[in-house]
Amino acid sequence: MEKRIYVDNAATTKTDSRVLEAMLPYFAEVYGNPSSIYAEGRAAKAAVETARAQVATAIGAEAGEIYFTGSGSEADNWAIRSAAKALKDKGNHIITTAVEHHAVLHTCQSLEKEGFEVTYLPVDAFGRVSVDAVKNAIKDTTILITVMFANNEIGTIMPIAEIGALAKEKGILFHTDAVQAIGMVPINVKEMHIDMLSLTGHKFHGPKGSGALYVRKGVKLTSFITGGAQEKNRRAGTENVAGIVGLGKAIELATEDIPKKAAYLTKLRDTYIQKMLDTVPYAQLNGHPEERLPGNANISFSFIEGEGLLLFLDMKGISASSGSACTSGSLDPSHVLLAIGRKHEEAHGSLRVSFDTENTLEDVDTIVTAVAEIVERLRSMSPLYETFLKEQK
Amino acid sequence: MYSEKVMDHFSNPRNVGEIEDANAVGEVGNPQCGDIMKIYMKINEETNIIEDVKFKTFGCGAAIATSSMATELVKGKSVDEAMQMTNKAVVEALDGLPPVKLHCSVLAEEAVQSAIFNYYENRGMTPPEGLKCSGCCGSCHHHHHEEEE
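Cut-off values and rules
- Residues numbered from 1 in each chain as written.
- Chains lettered and ligands numbered in written order.
- Predicted model: local features only at pLDDT ≥ 70, side-chain atom pairs only at ≥ 80, totals over all residues.
- Heavy atoms only, no water.
- Helix = DSSP H or I, 4+ residues; strand = E, 2+ residues; numbered from the N terminus.
- Buried < 20%, exposed > 50% of the residue type's maximum accessible area, 1.4 Å probe, protein only.
- Polar contact = N/O pair within 3.5 Å; in protein donor to acceptor, adjacent residues only side chain to side chain.
- Pairing = 2+ DSSP bridges.
- Axes fitted to C-alpha atoms, helices over the stretch in contact; angles between N-to-C directions.
- Contact = heavy atoms within 4.5 Å.
- Buried area = accessible area lost by both parts, 1.4 Å probe.
- Salt bridge = Lys/Arg side-chain N within 4 Å of Asp/Glu carboxyl O.
- Nonpolar A, V, L, I, M, F, W, Y, C, P; charged D, E, K, R; others polar.
- Phe/Tyr/Trp six-rings, centres within 6.5 Å; stacked < 30°, edge-to-face > 60°.
- Lys NZ or Arg CZ within 6 Å of the ring centre and 35° of its normal.
- Parallel < 35°, antiparallel > 145°, perpendicular 65-115°, else oblique.
- Left-handed = near helix turned anticlockwise from the far one by under 90°.

Caption draft 1: Up close: the side chain of A:Glu307. The residue A:Glu307 is located in helix H11 (residues 306-315) in this model. Under the relative-accessibility criterion, A:Glu307 is labelled buried at 4%. Of the polar contacts made by the side chain of A:Glu307, one reaches the backbone nitrogen of B:Gly61; its length is 2.7 Å.

This is the structure:
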């Protein structure tokens, strides 16, 4: 393949060669079922437990608090549904935000149909929910607060430790979807008073199809899939041993030196944002300027639609993402961009790039040049731009 | 996900631009939905032949490609012939569109009809029966005459 610039690491990442190497023996050599009593089974079981310890260490948890899943979305579904089911006699109110991933939003919407009451808190212009807003939303019937650690589209980091402290003080269960934050921001579930946390391996150079849910010891977790004794009877099904091994190795590598990685990515990100805003007129940054994931930059370009931008970038060998409706298969643009106050047409014209340590400052220049050229071209055929220019005169 | 023809018309769109002395202009869609098509026509008032046609589109790859193809299909045709151009004809000429993008072809058909509507209006004449759109379409989820494949 031609040399391409991949800047969609918030969508998924390349599996690290060391992760792949760690996984390979668990296909054809150590292929036993972890539930089997003989040598092959014991070896597989040991590998699963090593990975469980690796995941636990990475977030400051204990191995017994980690449950493997097939994805981050599954972990979100499980956490929220389990809390709702286990605590329904205590109350029926759930607090979340308007900018959560659909795995959380759609699960909450589905629970509303089952009689639960959900508060979707608004966010500020940078995409942050305020701790006071969470506090004011709490009622006697509140059984769960679920707030994402960092936003997948605009990268804004939420005040998780503060919300955790509040939830603890009020005795309310607190879940966070940390899918985008793992390996980017230091996380300690004990210090941050997080009761449940969702993560997935493929966002930090692990394999797709590997996820985990942390559940604090003492929190009741209901069964999600029935039929076997795996994951302490909570999630039946033979373990994805190689995937779990990969997840364990990947999270160990991703969290070994977060400050160094974050510093490099922040430099790429800030250089990109600065150059883009200097080069392209009528562009604005989405999300918080500082409280954001180190590799995430999301910029809206007025008068154009994002899909065309992505297609032209692809032709130039650049892979990125957009909050445009046309790339999502629906007619509505990103709920996150609308929640931070962007107009529909601005939301349609957004571009998200998410850097990885393999990207360079040279890539940044290439992307800025390409985007500037494409935006100009799309604007030249946009009736919105034509109208805008006429009004300027 | 797009056919080669769609990619061709998206990356090298035909008839992009404005016509200064257009005697028929149609605009459909709205920015909320993420697509707006504006079509300019220069129609010979004696022969009713569309002598020139240009477009400007705010929208996705399919919106740009359907605009481009629609202008190609009506260029040099009579107003009566252009009125008969369906969204299906645009889709077929582009070797198909993904199902979620079919509404773009409907928009292209409506943009052409809207321009023709304007042509009659400009001349103080009653637009012929059967013209589907006069620059309507307030809602993103409301697309009339959409033909499923």
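Caption draft 2: Quick look at the sheet that holds strand E3 (residues 50-58) of chain B. Residue and element names in this part refer to chain B. In space, the 3 strands of this open sheet follow the order E1-E2-E3, with antiparallel pairing throughout. Of all the strands in the sheet, just strand E1 (24-30) and E3 have a single pairing partner and so form its edges. Geometrically, the sheet is characterised by an average inter-axis angle of 10° between neighbouring strands, direction not taken into account. The pairing of strand E2 (residues 35-43) with E3 spans 8 bridges and is classified as antiparallel. Note on E3: the bridge partner recorded for Lys38 is Lys56. Its contacts with the sheet put helix H2 (residues 61-74) on E2 and E3, and the angle it makes with E3 is roughly 175°. Packed onto the sheet, helix H5 (residues 102-122) meets E1 and E2 and runs at close to 145° relative to E1.

Caption draft 3: The interface of chain B and chain A, seen in detail. Each partner contributes to the interface: chain B provides 28 residues, whereas chain A provides 25 residues. Together chain B and chain A conceal approximately 2200 Å² of surface at their shared face, both sides included; 65% is due to carbon and sulfur atoms. Along the contact surface separating chain B from chain A lie 4 salt bridges. The salt bridge partner of A:Glu307 is B:Lys101, with a shortest N-O separation of 2.7 Å. At the surface where chain B touches chain A, the tally comes to 11 residue pairs in polar contact (both at pLDDT 80 or more). Contributing elements (two or more residues each) for the side of chain B that touches chain A: helix H1 (4-11), E2, E3 and H2 of chain B. For the side of chain B that touches chain A, the class distribution of residues is 16 nonpolar, 8 polar and 4 charged.

Caption draft 4: The packing of aromatic side chains, seen in detail. For the structure shown, the criterion picks out 11 aromatic pairs over all chains. Seen in terms of ring centroids, A:Tyr385 and A:Phe388 are 6.3 Å apart; in terms of plane orientation they differ by 15°. Their pairing is stacked. In this pair, A:Tyr385 and A:Phe388 are both assigned in helix H15 (residues 383-392), 3 residues apart and thus about one turn of the helix distant. No difference in accessibility class separates A:Tyr385 from A:Phe388, as the two residues are buried. Each ring, one from B:Tyr119 and one from B:Tyr120, has its centre 5.5 Å from the other, and the planes form 70°; the classification is edge-to-face. Overall, the relative accessible area of 0% leaves B:Tyr119 in the buried class. On the accessibility criterion, B:Tyr120 (9% relative accessible area) is buried. Grouping aromatic residues by their ring pairs yields a cluster made of A:Tyr282, A:Phe303, A:Tyr385 and A:Phe388. Of note, A:Arg379 hangs over the ring of A:Tyr385, and the distance from its end group to the ring centre comes to 5.7 Å.

Caption draft 5: Here's a closer look at the packing of helix H3 (residues 39-59) of chain A against helix H9 (residues 241-254) of chain A. Residue and element names in this part refer to chain A. Orientation of H3 relative to H9, taken along the N-to-C sense of each, is 30°, at an axis distance of 8 Å. As summarised for this structure, H3 and H9 are arranged roughly parallel, according to the angle between their axes. The handedness of the crossing between H3 and H9 is left-handed. Taking contact as the criterion, the partners of Ala44, Ala47, Val48, Ala51, Gln54, Val55 and Ala58 in H3 are, on H9, Val241, Ile244, Val245, Leu247, Gly248, Lys249, Ile251 and Glu252.

Any link to function would need more than the numbers given here.
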